[in-house]
Amino acid sequence: MSVEIINRAEWGARPWQGTPYSVALSERRSFFVHYHGDPPAHSTGKAVPRDVERIHLGNGWSGVGYNFMVDQNGAVYEGRGWGLVGAHCPGHNRTGIGVYVAIGGSQKPSDAALRSVRDLYDEACRRTARTLAKRGHKDGYATACPGGPLYAWVKAGMPAKGTPPGKGKPEAKVVDLSRLISAARQDPPKPGTPVSYDGARTVEKALAAEGLLAARYVDGHFGSQTVAAYRRWQQRCGYSGAAADGIPGIASLRSLGRAHGFTVTP
Ligand SMILES: [Zn+2]
C-alpha cells in the first residue's frame, strides 16, 4: 500500500517558476531528512507547504525544493515528488530524495510525523527497488539540519511507532469522503432516511481519541455534535473561517486518518 500524498493541486501550490529537471527513480540512492531551522510559523495543515513554497520562491528557486513535506499530524504534501530534481542538499539533489519535517529548533517530531517519514522511506525503497541510504541533511552538507531529535532518529535507523500501512491492527479502514459529507449534511435526517454510516463511526472514534468529541456521540450519525467536533479538528489543522465549517475536506480527513489508522477515498 502506498503513502497517501496531498498533491500540489490539493494544497494550492503555485505554478513552477521554470520547470525543475526530471530524474529517473533508478538514479536515486539516498533519502535526506530536513527540518526548518528556527521553529516554523506553522507545523500542521496546508500552511506548512505554502510557507515552504513562499520561502523557497524567495530564494529564487522554482518552488518548493523538497520532494515531500510532512506536518506534525503526519500529513504528507507533494513538493517535487518522486520524479523531479530537488533543491535541498547541494551535490545530492539528483540522487537524494529530500523530505522536510515541519519542526525547528529543539522541537520534537510527533510519532505521526515520524511514521509518515518512515512510510515515505519504505515507499521510496519500493519504487527504486533499492535500499536507499538514510541521511540527515548534515550528512551531505555542513549544516545543523535536521536538528538534534530528528538526526538522532535518522541515525537510529528511523524506527516508527504505529501501524505500517496495510499491516497489523484491525483491518485497514477506508472512509468514503463523499458518503461522509452527505451523512454530515443530512442532520437532522429526513424520516426514513438511513444516515448511519460506518465510515462516520470511524471518524467519530478518531475525534473522540483526539479529545474533541464525547464518547456518547460516537454513533455512526455525523450529526451536529460531530460537525462541531470536526470543526475543532479543522482549526487544529490550521483552518479558520469558512474553511473550518465542520464538513470534512480531503486534507484534514487524511490527517486524521493518518493518526488513527484509516484511509480516505474521495
Ligand atoms: Zn536541511
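Residues numbered from 1 in each chain as written. Predicted model: local features only at pLDDT ≥ 70, side-chain atom pairs only at ≥ 80, totals over all residues.

1. With respect to the pairing of strand E4 (residues 96–101)
Phase 1 of the analysis: Across the six residues that make up E4, a large majority, six, are buried.
Phase 2 of the analysis: Both faces of E4 are covered, namely the face carrying Gly96, Gly98 and Tyr100 and the face carrying Ile97, Val99 and Val101.
Phase 3 of the analysis: Where strand E2 (residues 68–70) meets E4, three bridges bridge the pair, whose relative direction is parallel. Across the sheet, methionine 69 pairs through a bridge with tyrosine 100, a residue of E4. (Buried ≥ 20, exposed ≤ 12 C-beta atoms within 10 Å, placed from the backbone. Helix = DSSP H or I, 4+ residues; strand = E, 2+ residues; numbered from the N terminus. Pairing = 2+ DSSP bridges.)

2. Quick look at the environment of proline 159
Phase 1 of the analysis: Its location among the elements puts proline 159 in the loop between helix H4 (148–155) and strand E6 (173–176).
Phase 2 of the analysis: Spatially, the C-alpha atoms of proline 159 and leucine 207 are 26 Å apart, while their sequence positions differ by 48 residues.

3. Concerning the nonpolar core
Phase 1 of the analysis: Met69, Val70, Val99, Val101 and Val117 are the most contacted members of the largest nonpolar core, which totals 57 residues.
Phase 2 of the analysis: Per element, the largest residue contribution to this core is seven residues, and it comes from helix H3 (residues 111–128).
Phase 3 of the analysis: Taken domain by domain, the makeup of this core includes at least three residues from each of domain 1 (8–155) and domain 2 (173–265).
Phase 4 of the analysis: Excluding its chain neighbours within four sequence positions, the residues that come into contact with valine 101 are Val33, His34, Tyr35, Val70, Pro109, Ala113, Val117, Pro146 and Leu150. (Core = buried A, V, L, I, M, F, W, Y, C linked by C-beta atoms within 7 Å. Domains from an automatic or database assignment. Contact = placed C-beta atoms within 7 Å.)

4. Some details on the environment of aspartate 198
Phase 1 of the analysis: For aspartate 198, the location among the structural elements is in helix H6 (residues 198–209).
Phase 2 of the analysis: Here aspartate 198 falls in the exposed class, since 12 other C-beta atoms lie within 10 Å of it.

5. Description of H4
Residues lying three or four places apart along an α-helix face the same way, a consequence of the helix completing one turn every 3.6 residues.
Phase 1 of the analysis: Inspection of H4 places Leu150, Trp153 and Val154 among the buried residues, and these make up the whole buried set. Taken end-on, H4 shows its buried residues confined to a sector of 100°, consistent with a single buried face. Along H4, exposed side chains directed more than 90 degrees from the buried face belong to Ala152 and Lys155.
Phase 2 of the analysis: The inward-facing, buried residues of H4 abut strand E1 (30–34), E4, H3 and strand E5 (133–136). (Arc of directions from axis to C-beta.)

6. Focus: helix H8 (residues 250–260)
Phase 1 of the analysis: Of all 11 residues in H8, nine are buried, a share of seventy percent or more.
Phase 2 of the analysis: Residues of H8 that are buried include every one of Ala251, Ser252, Leu253, Arg254, Ser255, Leu256, Gly257, Arg258 and Ala259, and no others.
Phase 3 of the analysis: Backbone geometry just downstream of H8 places glycine 261 in the positive-phi region, at approximately 75°.

7. As for the domain arrangement of the protein
Phase 1 of the analysis: In terms of domain boundaries, the protein breaks down into domain 1 (8–155) and domain 2 (173–265).
Phase 2 of the analysis: The centre of domain 1, based on its C-alpha atoms, is set 30 Å off from the matching centre of domain 2.
Phase 3 of the analysis: Of the residues lining the interface, 12 residues belong to domain 1; the matching set on domain 2 comes to 10 residues.
Phase 4 of the analysis: A breakdown of the residues in the side of domain 1 that touches domain 2 according to their chemical character gives four nonpolar, six polar and two charged. (Nonpolar A, V, L, I, M, F, W, Y, C, P; charged D, E, K, R; others polar.)

8. Re the packing of helix H5 (residues 177–184) against H6
Phase 1 of the analysis: For the pair H5 and H6, the least separation of the axes is 9 Å and the interaxial angle reads 85°. As far as their axial angle goes, H6 and H5 are roughly perpendicular. Residue-level contacts link Arg179, Leu180 and Ala183 of H5 to Gly199, Ala200 and Val203 of H6.
Phase 2 of the analysis: Its residues assigned to classes, the contact of H5 with H6 shows four nonpolar, one polar and one charged. (Axes fitted to C-alpha atoms, helices over the stretch in contact; angles between N-to-C directions. Parallel < 35°, antiparallel > 145°, perpendicular 65-115°, else oblique.)

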